[in-house]
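Working through the structure, step by step
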Amino acid sequence: MELCKLVVLLLTVTATAEAIWMEVPTSGTKCVSEDIHNNVVVLADYTVVGDEEHSQANVVPTISVKVTSPFGNNLYHKENTTHGQFAFTTTEAGNYLACFWMDNHAPGAKAITIGLDWKTGISAKDWESVARKEKIEGVELELVKLEGIVQAIHENLEYLKNREAEMREVSEKTNARVARFSIMSLGICLVVAALQIFHLKSYFRKKKLI
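Residues numbered from 1 in each chain as written. Predicted model: local features only at pLDDT ≥ 70, side-chain atom pairs only at ≥ 80, totals over all residues. Heavy atoms only, no water.

1. Brief notes about the overall build of the protein
- Helix and strand content of the protein: four helices and eight strands.
- Start at the N end of the protein and walk to the C end: the helices and strands fall as α-β-β-β-α-β-β-β-β-β-α-α.
- Counting every position in the protein, which comprises 210 residues, the buried fraction comes to 25%.
- Within the protein, contacts between residues separated by at least 24 positions form 75% of all contacts whose residues are at least 6 apart in sequence.
- Taken as a whole, the protein presents about 14700 Å² of accessible surface, with 57% of it coming from carbon and sulfur. (Helix = DSSP H or I, 4+ residues; strand = E, 2+ residues; numbered from the N terminus. Buried < 20%, exposed > 50% of the residue type's maximum accessible area, 1.4 Å probe, protein only. Contact = heavy atoms within 4.5 Å. Areas by Shrake-Rupley, 256 points an atom, 1.4 Å probe, with all protein chains shown as cover.)

2. Here's the deal with the UniProt feature "transmembrane region" (unreviewed entry) in the protein
- With numbering matched to this structure, UniProt assigns "transmembrane region" (unreviewed entry) to residues 178–198.
- Counting secondary structure, residues 178–198 comes out at 100% helix and 0% strand; the distance between its end C-alpha atoms is 30 Å. (UniProt positions renumbered as here; feature names shortened; annotations may be inferred.)

3. Side note on the sheet that holds strand β2 (residues 30–36)
- Strand order in the open sheet made by the four strands is β2-β7-β4-β5, with antiparallel pairing throughout. The strands lining the two open edges of the sheet, one partner per strand, are β2 and β5 (74–81). Neighbouring strand axes in the sheet, compared pairwise and without regard to direction, differ in orientation by 10 degrees on average.
- Here six bridges tie strand β4 (residues 63–68) to strand β7 (residues 94–102), and the two strands are oriented antiparallel to one another. In the sheet register, V65 faces β7, and the bridge partner there is F100. (Pairing = 2+ DSSP bridges. Axes fitted to C-alpha atoms, helices over the stretch in contact; angles between N-to-C directions.)

4. Some points on the pairing of β4
- Burial within β4 is extensive, with five of its six residues counted as buried.
- Between the end of β4 and the start of β5, which pair antiparallel, lie five residues, with G72 showing a positive phi angle near 90 degrees.

5. Considering the packing of aromatic side chains
- Evaluated as defined, the whole model comprises eight aromatic pairs.
- Note on F86 and W118: the rings are 5.9 Å apart at their centroids and 70 degrees apart in plane angle, and the pair reads as edge-to-face. Placement of the pair is F86 in strand β6 (residues 83–89) and W118 in strand β8 (residues 112–120), with a sequence separation of 32 residues.
- On the basis of an interplanar angle of 25 degrees and a centroid distance of 5.7 Å, the ring pair of F88 and Y96 is categorised as stacked. Taken as a pair, F88 and Y96 share a single burial class, namely buried.
- Among the aromatic residues, ring-to-ring pairing joins Y46, Y76, F86, F88, Y96, F100 and W118 into one connected group. (Phe/Tyr/Trp six-rings, centres within 6.5 Å; stacked < 30°, edge-to-face > 60°.)

Structure representation (C-alpha cells):
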C-alpha cells in the first residue's frame, strides 16, 4: 500500500503537465520555447479561449501556428484555426519554438487568449495504449510508468552533464584565448615602451641633454 502511494506521488510530481495561458496581441507574435534534448516525444494541444465580447459579436477569432526546431526547421504550420494538436520527436537538441499570431482581424479587435497544453517525454506517452499492448494494469502499470520516469530523469541528467561538459570546454578555450591575448597585449606594450625609451634617449642625446 505504501509502495502504491509512493508511485502515485512520484507520477503526480514528475509527470503532470499544466496548461499555459497566453494572451496573443492583435498585431505581433507570441512564442513559447523549451530546451529539449534529442529523441524526445513532444505533444501539444492548443485552443482559442472565447470571451464574452467575441461571443456576443458571434465572431470566432482564428490564429496561425508555427513550430520550429533549434536549427529553424519547420515542424508544424497551420493557419486560420481555432484549435489543433501537433506532435513530433526531436532530432536536434536545443530550444524548440512555438509561435502564435492572429489572422486577419477587424479594426478595434482585442487580444485573444490561447490555452496551450505542452507535454514532453514521459508526460506525452500514451499509457492507455501501452497498458492494452502489454496487458498490464493497476500497480504493474504504475511501476512501468515509474520506470519510464526514472529513465527520463536519467536521460535528462546525461543531457545536462553533456551540456555542462560542452560549456566547460568552451569556457576553457575562451580562458586560454583571453590569456594568450593578454600576454600578447602585454608583450606589445613592453615593446612599444622600450621603443619609446630608445627614441627619447636618442632625442636627448642629439639635444645634448644627457
